[in-house]
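Descriptive analysis of the structure
So you can see what is in the structure, the chains are spelled out below.
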Amino acid sequence: MSTFTRASLAAAIVASTVCLAGGPTAAFEPKNVECIAPANPGGGWDFTCRQAGKALYEMGKTPGPVQVSNKAGGGGAVAYAEVVSKRNSENNLIVAASTATTTRLAQGQFAGLTADQVRWLGALGADYGVIGVAKDSPYKSLGDLMTVLKEDPGKVSIAGGSAVGGWDHLKVLIAAKAAGIDDVRTIKYIAYQGGGEAVTQLVGGHVQAFTGDISEALGFMESGDLRVLAVLAPERLPGNLADIPTAKEQGIDAVGANWRGFYGPGGMTDEAYEYWSQAFEELYASDAWQKIMADNGVMPFGLSGPELQSFVDEQIIEIQEISREIGLIK
Amino acid sequence: MEIFDSLIQGFAVALTFQNLGLALLGCFLGTIIGAMPGLGPSNGVAILIPLAFSLGLPATPALILLTSVYYGAMYGGRISSILLNIPGDEPALMTTLDGYPMAKQGRAGEALALSGLASFVGSFVATIGVALFAPLLVKLALLFGPAEYFALFTLAFATLGGVSSKNQAKAAMAAALGLGIAMIGIDGSTGAQRFTFGEIHLLDGIDFLVAIVGLFAISEVLLFMEHKGVDSSIGTKLDRITIPLATLKRSIGAMARGTGIGFVAGVLPGAGASLGSFVAYTVEKRVSDRDGTFGKGDVRGLAAPEAGNNASAGGALIPMLSLGVPGSGTTAVLLAMLLTLNITPGPLLFTKNPDVVWGLIAALFIANFMLLLMNIPLVGLFARVLQVPARILMPAVAMISFVGIYGISGSTFELLLMVGFGVAGYVLRKLEVPLVPVILGILLGNQMEDNLRRALQISNGDWGILWASPLAIGLWTFAIVGFVAPMIVGRLVRPRVPAALAETADPD
């Protein structure tokens, strides 16, 4: 404990000196890297920061351990606003992000801040969306479910772990649109506090379908209480998840990736931006990271630098379109 | 007996020097964290997760450390409730009602010792419950859909009259105020922002910890300042720290009932420890309060909620382990920890990772005994807080409140909010409006609203869904009886209690 305190005190002192001496340098060298997890310890963003920070340090990409700071609030809004308004020109700052971040940005829920005010550095994996039903459900395929949603949408309540307009909701709407349902507003989405709560309501028979991420469905899938109708991935998942059919192969061309990655301040120098994109690309390719992914059920999804930037832009357009259709934004 | 074999295996896992050391450390830190105003079990666990990571602990020892902190904080929360009338965390809210009056009467030692024992009974029995009935109780949790949850929360509010004996109208108004505050933030059922005024810090709603610390701790400091810094009425004499046999006899029933109610509330995800201790108190008051002594330092009013909130802490582990659903804020953090350690909680956890589950259960038994042994002798030390003159104590309370809230939120906005709640709490106390229903409104309001709307959404707007299941009908019956019975019975049986116009430092 005391070593820890001393180390962080030393880090703080060094950090303040660096701030004073800060100026443009030719080649970027990271120093006292900080990773902001825009949530409390224990959540997905916290996990992303801690695991990636540890791996970056072990690969020698940062001179010292990455310091993780938790800045919870507004589903990432508090951290985003702080980076944009107060720490815009820092080069040694990375912030954990995911599809939840882009969803809220797309819907203008970050107090009007936009996705082009930061630099998107790298994605290190994804959790793909699934749509499932209880084991005794009459719906055997995604097509069955979509047919009912088309003909009698009041009959099926779909539970998910995000608020209305959140990613769990949007996933099922993306699938419905791909299945040819024109008015997605008719779909009954029941918002729960988290994926676990939603899947429990399904198993308890209170709702008819579940939308969430594969990691949330795993426990009940293995016990046989939950039948996953489709995974919203471009192709079948690796390992023992290969049995789950994709929506695509059932004729419904829908992909819903909840990616995990990082952004940095918008005023970051090009040298630093290139350094971090490169670092995340190498990290993603490393054996150590592939093992972390496999151990934690994180699926392949590696994009960095400009590639991630254009993916984020596209995802935001897609989310805005669908949010407009359900009347969430104008 | 399969369970006993498993449990013995669990003890084999838990009884290593490292694990015992971690449990001891966890219990100690947990008690301290729980006793600090504003820092509760969920923050305690969250704060220590990085420690578990950096020590590189495997799953079982990490869980042992964190659940010891959890249980420790549940024990510790009572301390500041009793001594200072400031709940250390939200489940300890009800402990203020009879615990603080006892301290004022100079019975702080007795109150601390008794509540420590009640905590032990509650969590010990609950841990046995987890070991024996986990698979069975999961079925109960599955029975609760949105309609049943709505009925359950209505039941809680229907018995609200039990909190305040003085003025029911004021209690109802306070609850309405709390419900109103709960509406702030993003509305889950529509995604719309309500009463956020474009302020990003309000998107998640008001953190009830900020509300508790503001309403209780800061307003206490303000009251002290109003009295121009003259030492307030907190009793400074110290009595024995043992529990008289008569007291023990009187409170056994209360402990048993509190344990049962708390445990069931814990098992239901979304109900949690606060509801457990709240219902434990109101039920106990209905059952035992014949002479109107509740709220004035009745030992049963102390034992019931303390047993209740600790029992629900144990109960909440059941849905977390076997459904992967957190029953409280703390179990949500524990759940995330498990996922990070690559353990998937769910129906198969008991068969797939028996070492983790049974090691954990064994560790809980150990932690319980440690906490009892640690808490009873320390009562004398804790109680000494009362001998600190208020002119030193009150600034310390203010400082801990500010540091605590800033420590968990890292934002100055929350500090301003806390001060705002402090001023509001001061005004409410002056108006003799009880503060406990305000907090309950904030704690339960969102859940109640969300479940009503979920139910109506599922039924396509048919209100019949609310009483469509036998379970829902049962809950409604209890709610109606709980609401109406005191009006009839109370008038017949209870002698009219003269409206006590005590000093406003007692917020009820």
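Residues numbered from 1 in each chain as written. Chains lettered and ligands numbered in written order. Predicted model: local features only at pLDDT ≥ 70, side-chain atom pairs only at ≥ 80, totals over all residues.

**Details of the overall build of chain B**
As a reminder, the rule being used: Strands are runs of DSSP state E lasting at least 2 residues, helices are runs of H or I lasting at least 4, and numbering of each runs from the N terminus. Just to be clear, the radius of gyration here is over C-alpha atoms, and the globule rule we use is 2.2 Å times residues to the power 0.38. Note on burial: count the other C-beta atoms lying within 10 Å of the residue's C-beta; 20 or more is buried, 12 or fewer is exposed, in between is partly exposed, and C-beta positions come from the backbone.
Scanning chain B for helices and strands turns up 20 helices and two strands. Relative to a compact globule of 508 residues, whose C-alpha radius of gyration would be 23 Å, chain B shows 22 Å and is just as compact. Projected onto the principal axes, the alpha-carbon positions of chain B cover approximately 60 × 55 × 50 Å. In chain B, which comprises 508 residues, the share counted as buried stands at 60%.

**Topic: the overall build of chain A**
Rules: Two residues form a contact once the distance between their C-beta atoms, set from the backbone, is within 7 Å.
Looking only at helices and strands, chain A features eleven helices and ten strands. Computed over C-alpha atoms, the radius of gyration of chain A comes to 21 Å, within 12% of the 20 Å expected from 2.2 N^0.38 for 330 residues, which places it in the range of a compact globule. With respect to the three principal axes, the spread of C-alpha positions in chain A is 65 × 40 × 35 Å. Per-residue burial over chain A gives 53% buried out of 330 residues. When contacts within chain A are restricted to residue pairs at least 6 apart in sequence, those whose partners lie at least 24 apart make up 77%.

**Section: helix α16 (residues 354-383) of chain B**
Worth spelling out the cut-off: Take the residue count of a helix, subtract one, and multiply by 1.5 Å to get its expected span. By definition, a residue's bend is the angle between the axes fitted to the seven residues ending there and the seven starting there.
Along its 30 residues, α16 of chain B runs 42 Å from first to last C-alpha, staying within 8% of the 44 Å computed at 1.5 Å per residue. Of all the bends in α16 of chain B, the greatest measures close to 45° and is centred on Pro 377 of chain B.

**Thoughts on the domain arrangement of chain A**
Residues and elements named next belong to chain A. To keep it simple, the criterion reads: What counts as a domain boundary in this text is fixed by an automatic or database domain assignment. Residue type decides the class: Asp, Glu, Lys and Arg count as charged, Ala, Val, Leu, Ile, Met, Phe, Trp, Tyr, Cys and Pro as nonpolar, and the leftover types, Gly among them, as polar.
Segmenting chain A into domains produces domain 1 (2-16 + 30-126 + 258-325) and domain 2 (128-250). Centre-to-centre separation of domain 1 and domain 2, based on C-alpha positions: 28 Å. Facing the twelve residues of domain 1 at the interface are 14 residues of domain 2. Only α4 (99-106) and α11 (306-325) provide two or more residues apiece to the side of domain 1 that touches domain 2. Per-element tally for the side of domain 1 that touches domain 2: the top contributor is α11, with four residues. A breakdown of the residues in the side of domain 1 that touches domain 2 according to their chemical character gives five nonpolar, six polar and one charged.

**Brief notes about the confidence of the model for chain A**
Selection criterion: The score called pLDDT rates the predictor's confidence residue by residue, from a low of 0 to a high of 100.
Averaged over all residues, the pLDDT of chain A is 87; the fraction at 70 or higher stands at 92%. In this model residues 1-25 of chain A is a low-confidence stretch, pLDDT under 50, and it forms seven contacts with partners more than four residues away in sequence or in other chains.

**What about the interface of chain A and chain B?**
Taken together, the 40 residues of chain A in the interface contact 39 residues of chain B. For the side of chain A that touches chain B, the secondary-structure elements that each account for two or more residues are α2 (44-58), α3 (77-86), β6 (188-191), α7 (195-203) and α8 (214-223) of chain A.

**Examining helix α5 (residues 95-104) of chain B**
All names here are of chain B. Here α5 lies mainly inside the structure; ten of its ten residues are buried. Every buried residue belonging to α5 is among Thr 95, Thr 96, Leu 97, Asp 98, Gly 99, Tyr 100, Pro 101, Met 102, Ala 103 and Lys 104, and all of these are buried. Of the residues trailing α5, Gly 106 is marked for its positive phi of about 85°.

**With respect to the packing of helix α8 (residues 168-182) of chain B against helix α19 (residues 436-458) of chain B**
Residue and element names in this part refer to chain B. Under the convention used in this document: Throughout, an axis means a line fitted to C-alpha atoms (over the contacting stretch in the case of helices), and angles, computed between N-to-C directions, take values from 0 to 180 degrees. Oblique is the label for any angle not under 35 degrees, not over 145, and not in the 65 to 115 range, which are roughly parallel, roughly antiparallel and roughly perpendicular in turn. Each crossing gets its handedness from the near helix: less than a right angle anticlockwise from the far helix is left-handed, clockwise is right-handed.
Following both chains from N to C, one finds α8 and α19 inclined at 40°, their axes separated by 7 Å at the closest point. The orientation of α8 with respect to α19, classified from their angle, is oblique. Handedness of the crossing formed by α8 with α19: right-handed. From α8, Ala 171, Ala 174, Ala 175, Ala 176, Leu 177, Gly 178, Leu 179, Ile 181 and Ala 182 reach across to α19, where they touch Pro 437, Val 438, Ile 439, Leu 440, Gly 441, Ile 442, Gly 445 and Asn 446. The residue makeup of the contact of α8 with α19, split by class, is 13 nonpolar, four polar and no charged.

**Side note on the packing of α7 of chain A against α8 of chain A**
All names here are of chain A. In the contact formed by α7 and α8, the axes pass within 9 Å of each other and the chain directions differ by 35°. Seen along the crossing, α7 lies across α8 with a hand that is right-handed. Residues Gly 195, Gly 196, Val 199 and Val 203 of α7 form the contact with α8, whose participating residues are Glu 216, Ala 217 and Phe 220. Classifying every residue of the contact of α7 with α8 by side-chain character gives four nonpolar, two polar and one charged.

**Side note on unusual backbone geometry**
Residues and elements named next belong to chain B. Although it is not a glycine, Asn 85 adopts a positive phi angle of roughly 70°. Here Asn 85 shows up in the loop between α4 (59-84) and α5. One non-glycine residue, Phe 195, lies in positive phi territory at about 50°. Here Phe 195 lies in the loop between β2 (193-194) and α9 (208-226). We classify Phe 195 as partly exposed; it has 13 C-beta atoms within 10 Å.

**What about the pairing of β6 of chain A?**
Residue and element names in this part refer to chain A. How we decide: Pairing between two strands requires that DSSP report at least two bridges joining them. Looking down the strands as they point away from the viewer, one classifies a crossover as right-handed if the path from the first strand across the helix to the second runs clockwise.
With four bridges connecting them, strand β5 (residues 157-160) and β6 associate as parallel partners. The residue of β6 that forms the bridge with Ile 158 is Tyr 189. Regarding topology, helix α6 (residues 167-178) serves as the crossover connection from β5 to the parallel β6, and that connection is right-handed.

**Points about the nonpolar core**
Note the threshold: Core membership is restricted to buried Ala, Val, Leu, Ile, Met, Phe, Trp, Tyr and Cys residues, and these are joined into a nonpolar core through C-beta atoms within 7 Å.
With 279 residues, the main nonpolar core has Val 95 and Ala 175 of chain A together with Leu 66, Ala 211 and Ile 439 of chain B as its most contacted residues. The element best represented in this core is helix α6 (residues 108-143) of chain B, accounting for 18 residues. Domain assignment of the residues forming this core places at least three in each of domain 1 (2-16 + 30-126 + 258-325) and domain 2 (128-250) of chain A. Not counting residues up to four positions away in its chain, the partners in contact with Val 95 of chain A are Ile 36, Pro 38, Ala 79, Val 83, Phe 262 and Tyr 263 of chain A.

**Describing the confidence of the model for chain B**
All names here are of chain B. Model confidence for chain B is summarised by a mean pLDDT of 83, while 90% of its residues fall at 70 or above. Note that pLDDT drops below 50 for residues 495-508; the model gives that stretch 19 contacts with residues more than four away or on any other chain. Two numbers describe this predicted complex: its pTM, 0.82, and its ipTM, 0.80.

**Considerations on the pairing of strand β4 (residues 118-134) of chain A**
Residue and element names in this part refer to chain A. Most of β4 is tucked away: 16 of the 17 residues are buried. Pairing analysis gives five bridges linking β4 to strand β8 (residues 226-231), with the strands arranged antiparallel. Within the sheet, the bridge partner assigned to Ile 131 lies in β8 and is Ala 230.

**Topic: the environment of Ala 332 of chain B**
Its place among the elements puts Ala 332 of chain B in helix α14 (residues 329-340). For the pair formed by Ala 332 of chain B and Met 320 of chain B, sequence separation is twelve residues and the distance between their alpha carbons is 7.8 Å.

**Describing the environment of Gly 253 of chain B**
Residue and element names in this part refer to chain B. As for its placement among the helices and strands, Gly 253 is situated in helix α10 (residues 245-267). We classify Gly 253 as partly exposed; it has 15 C-beta atoms within 10 Å. Along the primary structure Gly 253 and Gly 380 are separated by 127 residues, whereas in three dimensions their C-alpha atoms are 26 Å apart.

**Some remarks on the environment of Val 172 of chain A**
Tracing the backbone through its elements, the reader meets Val 172 of chain A in helix α6. Beyond its immediate sequence surroundings of up to four residues, Val 172 of chain A is in contact with Ile 131, Ile 158, Ile 187, Tyr 189 and Thr 211 of chain A.

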